Amino acid sequence: MAHFERIVVVGAAGLGALAAACLARRFGPVHLIGPSTDAPAGVHRYPLATVRDFDLDTPAVIVDNDGGRLQRLVCDRLVIVGWPVPLLPVNRWVIDGKVAIAGDGADLRLLATCFDANALWRPALADYQIRRQAGAGSLA
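Here goes a summary of the coordinates provided. Being a predicted model, the structure only gives us computed values, none of them experimental.

## So, the overall build of the protein
Within the protein, the regular secondary structure consists of three helices and nine strands. Traced from its N-terminal end to its C-terminal end, the protein shows the element sequence β-α-β-β-β-β-β-β-β-β-α-α. For the protein, whose C-alpha radius of gyration is 14 Å, the value lies close to the compact-globule estimate of 14 Å for 140 residues. For the protein, the spread of C-alpha atoms along the three principal axes comes to 45 × 35 × 30 Å.

If you want it as structure tokens, here you go:
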């Protein structure tokens with residue numbers, strides 16, 4: 001029996017749907033939280049869920065589904081795309097090989113390139129962190 005990791009994408013507008021489709025092609029079923037009008041095969045949409053908070057250590061997303069009751073969605077992998085709230089310390093785009101932050105379309109394209117080049121989750125995120133830091137001119 002195959003085991004699929006629970007992958008959650010939290011995304012703004014079209015970027016979230018694009019990231020979810022990209023990950024679903026590579027890794028199987030993906031849960032998309034955020035507005036989207038269309039979802040390809042393998043993407044489960046939750047357009048009415050309101051994100052209240054993130055737990056980046058677990059990782060988990062705290063959402064409000066029905067106007068008051070908070071629900072904690074624990075996942076194996078979390079990708080946050082186009083989110084306006086600064087979540088990480090300066091120049092960090094990956095946390096523990098489980099969480100990736102892509103600020104805009106350029107970051108999302110870079111992340112997709114890293115997945116194409118590495119095929120596996122952790123090596124791809126390590127590559128993304130290095131390339132993103134180099135792009136910011138701030139290798140630490």
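Now that the structure has been shown, the text picks up again.
## Digging into the packing of helix H1 (residues 13–27) against helix H2 (residues 105–118)
Axes are the key here: two packed helices are described by the angle between their axes and the distance separating the axes. Taken N-terminus to C-terminus, the directions of H1 and H2 make an angle of 5°; their axes are 11 Å apart at the nearest point. Looking at the two axes, H1 sits roughly parallel to H2. Along its contact with H1, which presents Leu15, Leu18, Ala19, Cys22, Leu23, Arg26 and Phe27, the element H2 presents Gly105, Leu108, Ala112, Phe115 and Asp116.

## Describing helix H3 (residues 121–136)
End to end, H3 covers 22 Å across 16 residues, agreeing with the expected 22 Å (1.5 Å per residue, within 8%). Those residues of H3 that fall on the buried side of the exposure criterion are Trp121, Ala124, Leu125, Asp127, Tyr128, Gln129, Arg132 and Gln133. Note on H3: the residue one or two positions beyond its end, Gly137, has a positive phi of about 70°.

## Some remarks on the nonpolar core
Of all hydrophobic cores here, the largest spans 24 residues; its most connected members are Val9, Leu23 and Val79. Counting residues per element, the ones that place at least two in this core are strand E1 (7–11), H1, strand E2 (30–33), strand E7 (77–81), strand E9 (99–102), H2 and H3. The leading source of residues in this core is H1, at five residues. Aside from chain neighbours lying at most four places away, what touches Leu23 is Ile7, Val9, Gly28, Val30, Val79, Phe115 and Trp121. Counting 16 residues, the second largest nonpolar core, distinct from the first, contains Phe54, Val63, Ile80 and Ile101.

## Overview of the packing of H2 against H3
Look at H2 against H3: their axes get within 8 Å of each other, and the N-to-C directions meet at 135°. Our classification of the angle between H2 and H3 gives oblique. Of the two possible hands of crossing, H2 and H3 adopt the one that is right-handed. Here H2 contributes Asp107, Leu110, Leu111, Thr113, Cys114, Phe115 and Asn118 to the contact with H3, which in turn contributes Trp121, Pro123, Ala124, Leu125, Asp127, Tyr128, Arg131 and Arg132. The residue inventory of the contact of H2 with H3, partitioned by class, reads nine nonpolar, two polar and four charged.

## Comments concerning the sheet that holds E9
Here six strands make up an open sheet; going across it, the order is E3-E2-E1-E7-E9-E8 and the pairing mixed. Bordering the open sheet on either side are strand E3 (43–46) and strand E8 (94–95), each of which pairs with just one other strand. Bridge count for E1 against E7 is five bridges, and the pairing is parallel. In the sheet register, Gly11 faces E7, and the bridge partner there is Val81. Across the sheet, H1 touches E1, E2, E3 and E7, and the angle it forms with E1 is around 160°.

## Observations concerning H1
Counted at 1.5 Å a residue, the expected span for H1 with its 15 residues is 21 Å, and the 22 Å between its end C-alpha atoms agrees. For H1, the complete set of buried residues consists of Gly16, Ala17, Ala19, Ala20, Ala21, Cys22, Leu23 and Ala24. Packing partners of the buried residues in H1 comprise E1, E2, E3, E7, H2 and H3. Gly28 sits one or two positions beyond H1 and adopts a positive phi of about 100°.

Calculation notes
- Residues numbered from 1 in each chain as written.
- Predicted model: local features only at pLDDT ≥ 70, side-chain atom pairs only at ≥ 80, totals over all residues.
- Heavy atoms only, no water.
- Helix = DSSP H or I, 4+ residues; strand = E, 2+ residues; numbered from the N terminus.
- Rg over C-alpha atoms; globule rule 2.2 N^0.38 Å.
- Axes fitted to C-alpha atoms, helices over the stretch in contact; angles between N-to-C directions.
- Parallel < 35°, antiparallel > 145°, perpendicular 65-115°, else oblique.
- Contact = heavy atoms within 4.5 Å.
- Expected span 1.5 Å × (residues − 1).
- Buried < 20%, exposed > 50% of the residue type's maximum accessible area, 1.4 Å probe, protein only.
- Core = buried A, V, L, I, M, F, W, Y, C linked by side-chain atoms within 4.5 Å.
- Left-handed = near helix turned anticlockwise from the far one by under 90°.
- Nonpolar A, V, L, I, M, F, W, Y, C, P; charged D, E, K, R; others polar.
- Pairing = 2+ DSSP bridges.

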